[in-house]
Amino acid sequence: MADQYAHSGDNKRPTEIPALRWEEPPEGPVLVLLDQTRLPAEEVELVCTDAPALVEAICSLAVRGAPLLGIAGAYGVALAAVRGYDVDDAAAALESARPTAVNLAVGVRRAYAAHQDALARGGDPRQAAGAALAAARQLHREDAEASVRMAEHGLALLDELLPGGGHRILTHCNTGSLVSGGEGTAFAVALAAHRVGRLRRLWVDETRPLLQGARLTAYEAARSGMAYTLLTDNAAGSLFAAGEVDAVLIGADRIAADGSVANKVGSYPLAVLARYHHVPFIVVAPVTTVDPATPDGASIEVEQRPGHEVTEIAAPQVPTAGTEAGGGIPVAPLGTQAYNPAFDVTPPELVTAIVTEEGAVSPVTTEALAALCAKSHRPATG
């Protein structure tokens, strides 16, 4: 039975609370997650003792972000194996928890393959569980290393495109340490620019409907001492028109073989604005986010989120009489239908460059992306 409970991290500074970690208390191994739905108001951790609890955390966005979902999925398989649950069932449930972010499937399959390989070589269940856990830990380490290299490549590209520093960067959704084993993807590039004194301003889209920009990116920018300004998503156009944006940096949840990029909904309009205003539109993601099995943008399954995320304002700490199933404060008439895709897809011709740990691709083409993935010692599909 799923066991997911919370405890407070009040006695720690924000930078001391990792987004995810494996622990082995006397009562058995657990996966501990920083509950991102509670930020920035409070830092609370969820402790998952089995795969169903982790699936629930993934679906509720308590744990989120493409690279971190891959890590979580791998640890979820290991958790099932170590605790003696059905590994096949756990892997299937985890892989299907969110359909768009390919990293989740990559992480699940990698740990599952390690588990099955160990069994096939004559290992007992304990040895197979150890192999799954080792695979998850290795993926965790690799993602942290990839984050460092993406930041280096991304900063070099920014300096090439925008010599002289003083970068004014617009970002969308959340791409920092909350989505990564390291310091993130797109946010890590902005953070690198900040550390060398070349970031003038980080423009932070609030990112509807769940406000990951307002709640999470602003939280990370503030604790990093960055100069940042929050704006509503539909205010971005006026910033471009005023000449206040030098580059757009976003992450990705899946990159198709042709370079089409699925990212948090609202990314595609930014790409259109950036092209019109001759502003670089840069995607930063690890090689594991590239999915050669998805040929183009039309083939990417876009997750549809519940309508109450649009028709209500989430207020978990404020009980309100008469609220809908979502538990928030209604902002639309009862029964209003909502269109709420979690992602949209940007075609490659609107992407200035894709930056990975192996380097940057520009212009973005099928051939260039395949060549970049081939440089990696890890296959893009895990």
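Please read these numbers as outputs of a predicted model, since none were measured by experiment.

### Brief notes about the overall build of the protein chain
Along the backbone of the protein chain there are 11 helices and 17 strands. Relative to the globule expectation of 21 Å for 382 residues, the C-alpha radius of gyration of the protein chain, 20 Å, shows essentially globular dimensions. Judged by the C-alpha coordinates and their principal axes, the protein chain covers about 60 × 55 × 40 Å. Burial statistics for the protein chain: of 382 residues in total, 54% are counted as buried. Pairs at least 24 apart in sequence give 74% of the contacts found in the protein chain among residues at least 6 apart. Carbon and sulfur atoms make up 54% of the accessible area of the protein chain, which totals about 15600 Å². Averaging the positions of the 28 positive and the 45 negative side-chain charges in the protein chain gives two centres separated by 5 Å.

### Points about the side chain of D258
Mapped onto the elements, D258 comes out in the loop between β9 (254-256) and β10 (261-264). It is R254 that comes nearest to the buried, bridge-free D258 among opposite-charge side chains, at 11 Å. With residues up to four places along the chain from it excluded, the contact list for D258 reads P295, D296, G297, P348, V364, T365 and T366.

### Details of the sheet that holds β9
Hydrogen bonds between backbone atoms are what pair the strands of a sheet, whose relative direction is either parallel or antiparallel. If you walk across this open sheet you meet the 4 strands as β12-β9-β10-β15, and the pairing is mixed. Lying at the two open borders of the sheet, with one neighbouring strand each, are β12 (290-291) and β15 (343-346). Both β10 and β15 contribute to a ladder of 4 bridges, which runs antiparallel. Its bridge partner being in β15, V261 is matched across the sheet by T346. Lying over the sheet, helix α9 (residues 267-276) contacts β10 and β15, oriented at roughly 35° with respect to β15.

### Here we look at empty space enclosed by the protein
Scanning all chains against the criterion turns up 2 cavities of 30 Å³ or more. Of the pockets and cavities examined, the largest cavity occupies roughly 220 Å³. In terms of residue count, helix α2 (residues 66-82) provides more of the lining of the largest cavity than any other element does, 3 residues in total. Tallied by class, the residues present in the lining of the largest cavity amount to 11 nonpolar, 8 polar and 4 charged.

About the thresholds
- Residues numbered from 1 in each chain as written.
- Predicted model: local features only at pLDDT ≥ 70, side-chain atom pairs only at ≥ 80, totals over all residues.
- Heavy atoms only, no water.
- Helix = DSSP H or I, 4+ residues; strand = E, 2+ residues; numbered from the N terminus.
- Rg over C-alpha atoms; globule rule 2.2 N^0.38 Å.
- Buried < 20%, exposed > 50% of the residue type's maximum accessible area, 1.4 Å probe, protein only.
- Contact = heavy atoms within 4.5 Å.
- Areas by Shrake-Rupley, 256 points an atom, 1.4 Å probe, with all protein chains shown as cover.
- Lys, Arg positive; Asp, Glu negative; His and termini not counted.
- Charge placed at Lys NZ, Arg CZ, Asp CG, Glu CD.
- Salt bridge = Lys/Arg side-chain N within 4 Å of Asp/Glu carboxyl O.
- Pairing = 2+ DSSP bridges.
- Axes fitted to C-alpha atoms, helices over the stretch in contact; angles between N-to-C directions.
- 1 Å grid on protein atoms, 1.4 Å probe; cavity = no way out; pocket = protein on both sides within 12 Å on 5 of 7 lines; lining within 4 Å.
- Points joined across faces, edges and corners; volume = space filled by probe spheres on them.
- Nonpolar A, V, L, I, M, F, W, Y, C, P; charged D, E, K, R; others polar.

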